[in-house]
Amino acid sequence: MMVNISDRKMGADTGKCNEGFSGDICETDLKIIQNGSTNEVQSGENQDDIVMEEVKERPLIYNISENPPFYLTIMFAFQQALMSISASMSVSLTVAEVVCARDDAEIKSQLLSTAFMMSGISTMLMCTVGVRLPIFQGPSGAYVVPLLVLMAMKEWSCPAREELVALYSNSSINMTEVNGRLPVPKEFILGQIEKLQGSLMVAGAIHILIGLTGFVGVVARYVGPITIVPALLMIVLYVHKVIVNFAETFWGSALSTTACGLILALYLRGKMTPIPFWTRERGFHIFWYPLHQMFSSIINIIQH
């Protein structure tokens, strides 16, 4: 800020200055100069703050209020369907292990088809007459741990080989081994399924009562992160048996799938994939899009 001292009127109102300008600066002028310099510094700081402000990167490619293009929506839905199928299949095969139907393809197909049917009905009810959340209602992974506990109980143990040999030796049916094991009679498997269905009905009734009475809110006051995190850790450590059971068929495919998914979704996050594209306006050009991050699951399935 420039202050022209010679243009100022010197007189009695200044008090501290001489009547004729002698080159000295009075106290009033000093205050004006100091205030002006202070305002310049403050305005400079404000201007620097505006200039130095950095634009943060968007953590999401599409926000909640945004609608992806129609063709991308179809691909996203297909990818979500594949992930839902894998979750339903894993739970169904775990149930088949519990009811001793590991080598019975018919029972396993019935369990899987029942899971898909009930998932479709529950999802439709959720989106129409329920709370209308756009989510897939499939088999809950929370029931995997109780299923594993049942497998360890003596009452739910499968018949031993000696028992099966004695059973089939007294029968006129000639049974052959499947994968080095004798098949379990369907009567025994259906009995295990009936007991499992009854226990699930009781668990569902308890869930309904807890939701209707509002008991969840009372329990939530005493259940915090310190309680939930150790419980989840123990569940993961116990569920590793199911993961090993599916992965032991071919460890190479399981490890490569895991590594590929981690690399595409995490380590290449923020990177763009060059995609050749042609439009009438621009002709042939390269279109950059995070394809490997958005469709990492489909890429994993296709390559294996």
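Everything below is about the structure shown above.
Please read these numbers as outputs of a predicted model, since none were measured by experiment. (Residues numbered from 1 in each chain as written. Predicted model: local features only at pLDDT ≥ 70, side-chain atom pairs only at ≥ 80, totals over all residues. Heavy atoms only, no water.)

1. Some remarks on the side chain of T94
Note on placement: T94 falls in helix α2 (residues 70-98). We classify T94 as buried; its relative accessible area is 5%. Polar contacts involving the side chain of T94 include one to the main-chain carbonyl oxygen of S90, which spans 2.7 Å. (Helix = DSSP H or I, 4+ residues; strand = E, 2+ residues; numbered from the N terminus. Buried < 20%, exposed > 50% of the residue type's maximum accessible area, 1.4 Å probe, protein only. Polar contact = N/O pair within 3.5 Å; in protein donor to acceptor, adjacent residues only side chain to side chain.)

2. With respect to helix α4 (residues 144-152)
When we look at burial in α4, the residues that qualify are V144, L147, L148 and L150. Projection of α4 onto a plane perpendicular to its axis shows the buried side chains occupying an angular sector of 155 degrees, all on one side. (Arc of directions from axis to C-beta.)

3. Points about the packing of α2 against α4
Taken N-terminus to C-terminus, the directions of α2 and α4 make an angle of 20 degrees; their axes are 9 Å apart at the nearest point. Here α4 runs roughly parallel to α2, going by the angle between their axes. Every pair of crossing elements has a handedness; the one defined by α2 and α4 is left-handed. Where α2 approaches α4, its residues V91, T94, V95, E97 and V98 are matched on the opposing element by V144, L147, L150 and M151. A class-by-class count of the residues in the contact of α2 with α4 yields 7 nonpolar, 1 polar and 1 charged. (Axes fitted to C-alpha atoms, helices over the stretch in contact; angles between N-to-C directions. Parallel < 35°, antiparallel > 145°, perpendicular 65-115°, else oblique. Left-handed = near helix turned anticlockwise from the far one by under 90°. Contact = heavy atoms within 4.5 Å. Nonpolar A, V, L, I, M, F, W, Y, C, P; charged D, E, K, R; others polar.)

4. Things to note about the state of the cysteines
Under the criterion given, the structure shown has 1 disulfide. One disulfide bridge connects C100 with C158, the sulfur atoms lying 2.0 Å from each other. Classification of the bridge connecting C100 and C158 rests on its S-S torsion, roughly -100 degrees, and on that basis the disulfide is left-handed. With C100 in the loop between α2 and α3 (105-128) and C158 in the loop between α4 and α5 (161-169), this pair connects stretches of sequence that are 58 residues apart. (Disulfide = S-S within 2.5 Å.)

5. Considering the side chain of E97
As for its position among the elements, E97 is in helix α2. Note on E97: relative accessible area 18%, which makes it buried. For E97, the residues in contact, after removing those within four places along its chain, are R102, M151, C158 and N245.

6. Description of the packing of aromatic side chains
Enumeration over the complete set of coordinates arrives at 3 aromatic pairs. Between F76 and F295, the aromatic rings sit 5.1 Å apart at their centres with planes inclined by 20 degrees, giving stacked as the arrangement. Taken as a pair, F76 in helix α2 and F295 in the loop between α10 (291-294) and α11 (296-303) lie far apart in primary sequence, 219 residues in all. The exposure classification of F76 matches that of F295, with both residues buried. (Phe/Tyr/Trp six-rings, centres within 6.5 Å; stacked < 30°, edge-to-face > 60°.)

7. Topic: unusual backbone geometry
The backbone of C100 sits at a positive phi, close to 65 degrees, despite the residue not being glycine. Even without being a glycine, R132 presents a positive backbone phi close to 60 degrees.

8. Re the pattern of salt bridges
Applying the stated criterion across every chain yields a total of 2 salt bridges. Across the pair R102 and E97 runs a salt bridge whose closest N-O atoms are separated by 3.3 Å. Residue R102 is classed as partly exposed on the basis of its relative accessible area, which comes to 37%. A salt bridge links K186 to E106, with the nearest nitrogen and oxygen atoms 2.3 Å apart. With K186 in helix α6 (residues 186-213) and E106 in helix α3, this residue pair connects regions lying 80 residues apart in the sequence. (Salt bridge = Lys/Arg side-chain N within 4 Å of Asp/Glu carboxyl O.)

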